[in-house]
Amino acid sequence: MNRADCLADLVGNTPVLRVTTPLPRPHPGFWAKLEYLGAGGMKARPALSMLREARRRGDLLPGAPVVESTSGTLGVGLSLAGAALGHPVVLVVDHELEPVMRAMLQAHGARLEIVTEPHPTGGWQEARRQRLLELCRELPGAYWPDQYRNPDNPAGYATLADELAAQLSPVDVLVCSVGTGGHSAGIARALRHRFPALRLVGVDTVGSTIFGQPARPRLMRGLGSSIYPRNVAYDAFDEVHWIAPAEAVDTCRRLARHAFVSGGWSTGAVARVAAWVAATGPGQQVVAVFPDGPLRYWQTIFDDDYCTRHGLLDSLPATAPADVDSPDGAEVDRWTRCQVVRDPLIRAVPA
């Protein structure tokens, strides 16, 4: 049995599992890095990294509060990091956060600030950010990690890359969901030191602005964004896929039924893409990062009434991606792939 002298020592060291479940078609199999089996989940890694570095710089004083906006997963990681390092945690969440996640965060000692209306243009993320800035002015000594821009976020995933290199060699293709951009940037950067030919495949959700699509209301949480996270390493990606909610639901349910391991929107999205990548490039060692488990999704993804209300069981979801030549050439509403990746905030200058 492993023994730990402190809570932070339990973070990481997660297993990999070979997944061969048809998703939805047969494929040769890919490796899933099961981050939800680690203490605090995947985002305990960047949470510890951001707080430790802030303490080292003197930006976070002993016992000072940590304030952050989250759709849930980082909140769990920060709750662990706050408990391990002695900081109260204040989380700005929104009305759409699942009741089970609210209860879990509060049980772990986090104070929740809940915004009830999305911002007219920036959605829930901008509404949460505005409340966060108010709290930073109200709470003495408050520290905001700013997960979307903080370079200590991707740096926190170096340990995950080290684990993958020890568990699997070589890694030919890495498939990651993209929200803050932290884990795709941090893992790919570290792995390419060992495997220079590594291909990075990003997975986003329809309605997300990250890769140049227009912002739309989004059902899927944990991946995608209605703002432009500066931690996204656009030049690191070889291609991007957008996944729709029905496709993620179909994948999560297939995983739960046939492989036992499953998860939420991000896990369903990356698993579907990883299976397709494995099928279209036989002989490659494909690795997908499963960021979360199924716990918070029993009342959404795995609930027939919820899925029926949102039209997620009405038709067969896409079994392969459509292709587009440009990330902003046409608005996508189903599984779609593009091999051109660029920062949407950098416009081409005419020659």
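Everything numeric here is computed off the predicted structure, so don't read it as measured data. (Residues numbered from 1 in each chain as written. Predicted model: local features only at pLDDT ≥ 70, side-chain atom pairs only at ≥ 80, totals over all residues. Heavy atoms only, no water.)

### Focus: the overall build of the protein chain
In step 1: Helix and strand counts for the protein chain stand at ten helices and eleven strands.
In step 2: Projected onto its principal axes, the C-alpha positions of the protein chain cover 55 × 55 × 50 Å.
In step 3: Here the protein chain, with 351 residues, has 58% of them falling under the buried criterion.
In step 4: In the protein chain, the proportion of contacts linking residues at least 24 apart, taken out of those at least 6 apart, comes to 69%.
In step 5: Here the protein chain displays about 15,000 Å² of accessible surface, and carbon together with sulfur accounts for 52% of that area. (Helix = DSSP H or I, 4+ residues; strand = E, 2+ residues; numbered from the N terminus. Buried < 20%, exposed > 50% of the residue type's maximum accessible area, 1.4 Å probe, protein only. Contact = heavy atoms within 4.5 Å. Areas by Shrake-Rupley, 256 points an atom, 1.4 Å probe, with all protein chains shown as cover.)

### Some words on the pattern of salt bridges
In step 1: According to the stated counting rule, one finds 25 salt bridges in the structure shown.
In step 2: Two residues, glutamate 163 and arginine 45, come together in a salt bridge whose shortest N-O distance is 3.0 Å. Residue glutamate 163 is located in helix 6 (residues 158–167), and its partner arginine 45 is located in helix 1 (residues 44–57); the two are separated by 118 residues in the primary sequence. Side by side, glutamate 163 and arginine 45 carry an identical accessibility label, which is buried.
In step 3: Between glutamate 134 and arginine 131 there is a salt bridge, with its nearest N and O atoms 2.9 Å apart. Of this pair, glutamate 134 and arginine 131 both sit in helix 4 (residues 123–138), three residues apart, roughly one helical turn.
In step 4: Through salt bridges with shared partners, a single network forms among Arg111, Glu113, Arg131, Glu134 and Glu138. (Salt bridge = Lys/Arg side-chain N within 4 Å of Asp/Glu carboxyl O.)

### Points about the side chain of serine 266
In step 1: When you line up the elements, serine 266 lands in helix 9 (residues 265–280).
In step 2: In this structure, serine 266 is in contact with Ser177, Arg221, Gly222, Leu223 and Pro291, ignoring residues within four places of it in sequence.

### Digging into the sheet that holds strand 2 (residues 30–34)
In step 1: With respect to topology, eight strands assemble into an open sheet ordered 1-2-9-6-7-8-11-10, the strand pairing being mixed. Among the strands making up the open sheet, the edge pair consists of strand 1 (16–19) and strand 10 (322–324). Direction aside, neighbouring strands of the sheet carry axes that sit 25° apart on average.
In step 2: The sheet contact formed by strand 2 and strand 9 (residues 286–290) spans four bridges and is parallel. Bridge pairing in strand 9 links alanine 32 to alanine 288. (Pairing = 2+ DSSP bridges. Axes fitted to C-alpha atoms, helices over the stretch in contact; angles between N-to-C directions.)

### Overview of the sheet that holds strand 4 (residues 89–94)
In step 1: Here we have three strands laid out as an open sheet, ordered 3-4-5, and parallel in their pairing. Because the sheet does not close on itself, it has two edges, and the strands there are strand 3 (66–69) and strand 5 (111–115). Between one strand and the next, the sheet's axes are offset by a mean angle of 20°, whatever the strand orientation.
In step 2: Strand direction decides the pairing type here: strand 4 and strand 5, joined by five bridges, are parallel. If you follow valine 92 over to strand 5, its bridge partner there is glutamate 113.

### Structural notes on the UniProt feature "domain: Tryptophan synthase beta chain-like PALP" (unreviewed entry) in the protein chain
In step 1: In the numbering used here, UniProt assigns the "domain: Tryptophan synthase beta chain-like PALP" (unreviewed entry) feature to residues 9–292.
In step 2: Taken end to end, residues 9–292 comprises 38% helix and 16% strand; its first and last C-alpha atoms sit 20 Å apart. (UniProt positions renumbered as here; feature names shortened; annotations may be inferred.)

### What about the pairing of strand 7 (residues 199–205)?
In step 1: Burial analysis of strand 7 places six of its seven residues in the buried class, which makes it a mostly covered element.
In step 2: Alignment of strand 6 (residues 173–177) against strand 7, held across five bridges, turns out to be parallel. Within strand 7, the position partnered with serine 177 by the bridge is valine 203.
In step 3: As a crossover connection, the stretch from strand 6 through helix 7 (residues 182–194) into strand 7 is right-handed.
In step 4: Alignment of strand 7 against strand 8 (residues 239–243), held across five bridges, turns out to be parallel. Bridge pairing links valine 203 to histidine 241 in strand 8. (Right-handed = clockwise from strand over helix to strand, strands pointing away.)

### Looking at the packing of helix 2 (residues 73–85) against helix 3 (residues 99–107)
In step 1: Running from N to C, helix 2 and helix 3 point in directions that differ by 10°, and their axes come no closer than 10 Å. In terms of orientation, helix 2 lies roughly parallel with respect to helix 3. Seen from helix 2, the contacting residues are Gly75, Val76 and Ser79; seen from helix 3, they are Met101, Met104 and Leu105. (Parallel < 35°, antiparallel > 145°, perpendicular 65-115°, else oblique.)

### Structural notes on unusual backbone geometry
In step 1: Put simply, leucine 23 and proline 24 share a cis peptide bond, and its omega is -5°.
In step 2: The backbone of asparagine 13 shows a phi angle near 55°, a positive value even though the residue is not glycine.
In step 3: Mapped onto the elements, asparagine 13 comes out in the segment before strand 1.

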